[in-house]
Amino acid sequence: MKLFHRTPKAEPKPVDHTAVAEGLRALAADLDAGDDWAATCITYLHELSDQDLADYPTGTQRRIRIAYFGQPCPGDVPDADYHRLLREVTSG
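Let us look at the structure shown here. Everything numeric here is computed off the predicted structure, so don't read it as measured data.

### Focus: the overall build of the chain
When you go through the chain residue by residue, the secondary structure sums to five helices and zero strands. Element order for the chain, N to C, with α for helix and β for strand: α-α-α-α-α. Relative to a compact globule of 92 residues, whose C-alpha radius of gyration would be 12 Å, the chain shows 17 Å and is clearly more extended. Taking the principal axes of its C-alpha atoms as reference, the chain extends roughly 60 × 30 × 25 Å.

What follows is the structure, encoded as structure tokens:
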């Protein structure tokens, strides 16, 4: 009798290594600019997958910060503006 049933792991999706490199460059540039969101991401870098890094340049949080500040930089987006920009950024 088998006590444990092991389910097979899903095949990982192929990742575009050029997109990962572009994501790393964008993250590094944002860090150089002192961007708070980039600093938060780097804190959790060990948890970021290749796909997370590939998606970083077009990620929602980054787009909101650029829409509010005009560029990556330090500071927090006020809640009222954040929610308005979130709707704008995610609506297309």
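### Observations concerning the side chain of Arg 62
Structurally, Arg 62 is set in helix H4 (residues 60–69). For Arg 62, a relative accessible area of 15% gives the class buried.

### Quick look at the layout of surface pockets
By volume, the largest pocket amounts to about 170 Å³. Among the secondary structure elements, those contributing two or more residues to the lining of the largest pocket are helix H2 (36–43), helix H3 (50–55) and H4. Residues belonging to the lining of the largest pocket are distributed by class as follows: six nonpolar, three polar and three charged.

### Here we look at the state of the cysteines
With the rule as written, the count across this model stands at zero disulfides. Cys 41 takes part in no disulfide bond, and the closest cysteine sulfur, belonging to Cys 73, lies 15 Å away.

### Regarding a nonpolar patch on the surface
On the surface, Leu 31, Ile 42 and Leu 45 cluster together into a nonpolar patch covering about 200 Å² of accessible area. Relative to the helices and strands, Ile 42 is located in helix H2. For Ile 42, a relative accessible area of 35% puts it in the partly exposed group.

What counts, and at which threshold
Residues numbered from 1 in each chain as written. Predicted model: local features only at pLDDT ≥ 70, side-chain atom pairs only at ≥ 80, totals over all residues. Heavy atoms only, no water. Helix = DSSP H or I, 4+ residues; strand = E, 2+ residues; numbered from the N terminus. Rg over C-alpha atoms; globule rule 2.2 N^0.38 Å. Buried < 20%, exposed > 50% of the residue type's maximum accessible area, 1.4 Å probe, protein only. 1 Å grid on protein atoms, 1.4 Å probe; cavity = no way out; pocket = protein on both sides within 12 Å on 5 of 7 lines; lining within 4 Å. Points joined across faces, edges and corners; volume = space filled by probe spheres on them. Nonpolar A, V, L, I, M, F, W, Y, C, P; charged D, E, K, R; others polar. Disulfide = S-S within 2.5 Å. Patch = residues over 30% accessible without salt bridge, like charges linked within 9 Å, V, L, I, M, F, W, Y side chains within 5 Å. Areas by Shrake-Rupley, 256 points an atom, 1.4 Å probe, with all protein chains shown as cover. Salt bridge = Lys/Arg side-chain N within 4 Å of Asp/Glu carboxyl O.

Fair warning: the whole summary comes from geometry, so function is off the table for now.
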